[in-house]
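A closer look at the structure
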Amino acid sequence: MTIGSLIDTPSELTDATSSKSAIVLMTRIRLARNLAGQPFPGWAKAAQREKILETCRTAVAATGAMKKGLAIGVAELGELERKILVERHLISRELSGSKQGSGVVISKDQAFSVMINEEDHLRIQMLRSGFQLKKAWQQINDLDSTLEETLDFAFSPELGYLTACPTNLGTGMRASAMMHLPALVIASQMEKVVRAVNQLGMVVRGLFGEGSDASGSIFQISNQTTLGESEEEILKRLAGVLQSIIEHELNARARLLEADAPKLFDKIGRAYGILQNGHVLSSNEAMNLLSLIRLGVDLSVFSDEKRAIIDRLFIEAQPGHLQHAQKGEFEAGQRDLLRAERLRSEFANFARPDFTLSGRGNN
Amino acid sequence: MANPLKCDLCSKPATVHLTQILDNKVHKVDLCEECAQEKGVTDPSGFSLADLLLKASLNPEAGGVRCEQCGFTPADFKKQGRFGCPACYGAFKGILDPMLDSMHKGTTHAGKVPARALERKNLYDRLTKLEFDLSEAIKAERYEEAARCRDEINQVRQAVDQKPSR
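Residues numbered from 1 in each chain as written. Chains lettered and ligands numbered in written order. Predicted model: local features only at pLDDT ≥ 70, side-chain atom pairs only at ≥ 80, totals over all residues.

Of the regular secondary structure elements, chain B holds 7 helices and 2 strands. When the helices and strands of chain B are placed in sequence order, the string is β-β-α-α-α-α-α-α-α. For chain B, long-range pairs separated by at least 24 residues make up 31% of all intrachain contacts whose partners lie at least 6 apart in sequence. (Helix = DSSP H or I, 4+ residues; strand = E, 2+ residues; numbered from the N terminus. Contact = placed C-beta atoms within 7 Å.)

Now for the overall build of chain A. Assigned secondary structure in chain A consists of 12 helices and 10 strands. For a compact globule of 363 residues, the expected C-alpha radius of gyration is about 21 Å, and chain A comes in at 21 Å, within 12% of that figure. Counting only C-alpha atoms, chain A reaches 65 × 45 × 30 Å along its principal axes. A fraction of 70% describes how many contacts in chain A between residues 6 or more apart in sequence connect residues 24 or more apart. (Rg over C-alpha atoms; globule rule 2.2 N^0.38 Å.)

Of note in the backbone geometry, His89(A) takes a positive phi value of approximately 65° without being a glycine. Topologically, His89(A) is positioned in the loop between helix H3 (79-87) and helix H4 (93-96).

Residue and element names in this part refer to chain A. Sheet architecture is open: 8 strands sit in the order E2-E3-E4-E5-E1-E8-E10-E9, paired in antiparallel fashion. What marks the edges here is a single partner per strand, and that holds for strand E2 (70-73) and strand E9 (202-205). Across this sheet, the average inter-strand angle for adjacent strands is 20°, counted without regard to direction. Where helix H7 (residues 190-199) meets the sheet, its contacts fall on E9 and strand E10 (218-223), and the angle it forms with E9 comes to roughly 150°. (Pairing = 2+ DSSP bridges. Axes fitted to C-alpha atoms, helices over the stretch in contact; angles between N-to-C directions.)

Another aspect to go through is the interface of chain B and chain A. Chain B puts 38 residues into the contact, and the matching count from chain A is 44 residues. Contributing elements (two or more residues each) for the side of chain B that touches chain A: strand E1 (16-22), helix H2 (49-57), helix H5 (93-103) and helix H6 (115-139) of chain B. In terms of residue class, the side of chain B that touches chain A is built from 18 nonpolar, 12 polar and 8 charged. (Nonpolar A, V, L, I, M, F, W, Y, C, P; charged D, E, K, R; others polar.)

Residues and elements named next belong to chain A. Most of strand E8 (residues 173-180) is tucked away, with 8 of its 8 residues classed as buried. Burial along E8 is two-sided: Met173, Ala175, Ala177 and Met179 facing one way and Arg174, Ser176, Met178 and His180 facing the other are all buried. In terms of strand pairing, strand E1 (residues 24-33) meets E8 through 7 bridges, oriented antiparallel. When the bridges of E8 are listed, Leu31 appears paired with Met173. The pairing of E8 with E10 spans 5 bridges and is classified as antiparallel. When the bridges of E10 are listed, His180 appears paired with Ile218. (Buried ≥ 20, exposed ≤ 12 C-beta atoms within 10 Å, placed from the backbone.)

We now examine the packing of H3(A) against helix H11 (residues 319-326) of chain A. For any two helices packed against each other, one specifies the inter-axial angle together with the distance between the axes. All names here are of chain A. Following both chains from N to C, one finds H3 and H11 inclined at 130°, their axes separated by 8 Å at the closest point. Considering their axes alone, H3 and H11 lie oblique with respect to each other. In terms of crossing hand, the pair formed by H3 and H11 is left-handed. From H3, Leu80, Lys83, Ile84 and Glu87 reach across to H11, where they touch Pro319, Gly320, His321, Gln323 and His324. Partitioning the contact of H3 with H11 into residue classes produces 3 nonpolar, 4 polar and 2 charged. (Parallel < 35°, antiparallel > 145°, perpendicular 65-115°, else oblique. Left-handed = near helix turned anticlockwise from the far one by under 90°.)

The next thing to look at is the nonpolar core. All names here are of chain A. Residues Val104, Val114, Met179, Ile221, Leu290 and Ile293 are the most contacted members of the largest nonpolar core, which totals 120 residues. The leading source of residues in this core is helix H8 (residues 231-277), at 12 residues. Residues in contact with Leu290, not counting those within four places in the same chain, are Gly216, Ile310, Leu313, Phe314 and Ala317. (Core = buried A, V, L, I, M, F, W, Y, C linked by C-beta atoms within 7 Å.)

Residues and elements named next belong to chain A. Here helix H2 (residues 46-61) spans 22 Å end to end across 16 residues, near enough to the 22 Å set by a 1.5 Å rise per residue. Within H2 the residues assigned to the buried category are Arg49, Ile52, Leu53, Cys56, Ala59 and Val60. Along the long axis of H2, the arc covered by the buried residues comes to 145°, so they all point the same way. Packed against the buried residues of H2 are strand E3 (103-106), strand E4 (112-116), strand E5 (122-129) and helix H5 (133-148). (Expected span 1.5 Å × (residues − 1). Arc of directions from axis to C-beta.)

This part takes up H6(B). A rise of 1.5 Å per residue sets the reference length of H6(B), with its 25 residues, at 36 Å; its end C-alpha atoms lie 36 Å apart and thus fit the reference within 8%. Immediately beyond the C-terminal end of H6(B), within one or two residues, lies Glu141(B), with a positive phi of roughly 55°.

Attention now goes to the confidence of the model for chain A. All names here are of chain A. For chain A, the mean per-residue pLDDT works out to 90, and 93% of the residues sit at or above 70. Across chain A, element-level confidence peaks in E4 with a mean pLDDT of 97 and bottoms out in helix H1 (residues 3-8) with 84. Counting interchain partners and residues more than four positions distant, the pLDDT-below-50 stretch residues 15-19 has 11 contacts. (pLDDT = per-residue confidence, 0-100.)

Have a look at this one:
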């Protein structure tokens, strides 16, 4: 598979048929692994990095999960290609900015990606749409065990998998869910949620991880600690926290409807109007408008099958994807015009909101 | 104030005092305004007290400890926030151990073990030892022992071959 054909193939996240989930958009698990006896990527010399890259790339590409996938060095990727892979969550910002001696292997269905020489020698990642922690763990665990047959991982019985940063020690596992929480944002309750979630040993971040903002009311919730608990225990704890956030979001929606339905409908109706008729839309504004339409779908203001279209547009409204679709380099200002044009055409035939239905299908 | 608190990161007077409760444990830091700004303390979502505490606790002059495997020092850690190689965990055990307790849920690994890789390593370690024993036995002309070593080596080699290598 080439990078070109990968980009032209929609990932599970951009696939219109698979997006059924309401509040949890996607589940992701990543495992940090390092080769025994080798310096970590940040400390390794250029020649060592190249050798580690080669060893890992060969081992990863040979697994069944990566059959007919893409194995490529970061240096071989163009700037736009990197941007698109970041927007699809297949590589991290850190990897996309790295120089010589790092790479990535991505499975044909874009569910698995293994970053090589990011912070650790291997960052094995599994992405699934919806709330699927268990299934994601099974699959990534299998891939990890397969890699173990050919690679010797740095491991200590006491400290578990040894990682470049001690915050990842032990299981080396970070499990996260991408959640759409518009009502908690509108009701200004996110700060409270973040604090409560922190106290439970979980972290809340924006759409693109550390330091990114939560545009489109999309948040990533993940485990903070990795040592002292088994993978299953961590996942169980995380699932419990996610479940309670889902309940809080649903309660917040019910309260918003009860307290001031016209105000909420006004937001959704205006979002529809701007998406259908706007001419200048920044990525951030587009995300926030799409988020309101998605909330409208959840409240049965729009029909259910529209949710998949919104989830696709969440990704396609990002700068990299937009540039790719328009085949050219654009300034940010020009991109905002193109984005609005794109969304106008998507929403030209988007059925009008029906506010009489609301409340019936509140998931 | 007779004895103002000093910043945990530099030695300026601390004006920002932060308490974070994580897993029912209380963590406190005192910072000067500059360090607080720089570390993003004011942004509750993007800030991890554990990371900060870890860096603050590492004294760069800590007795000239150095990882023999890769040459890494605590000063390097303070700069990078990451270790040099897997062996650093052994070299800096004394500095790291107290931090792990506040950073994680526990201090002992309770998760997956790379069973196949460990098994493979055990076999190779045994092979190395047996080969050493064999050459020693031959040198000392203890032929009975040498024969026993040789038989065992053959057994272990067979076990290694049976492991699917790919």
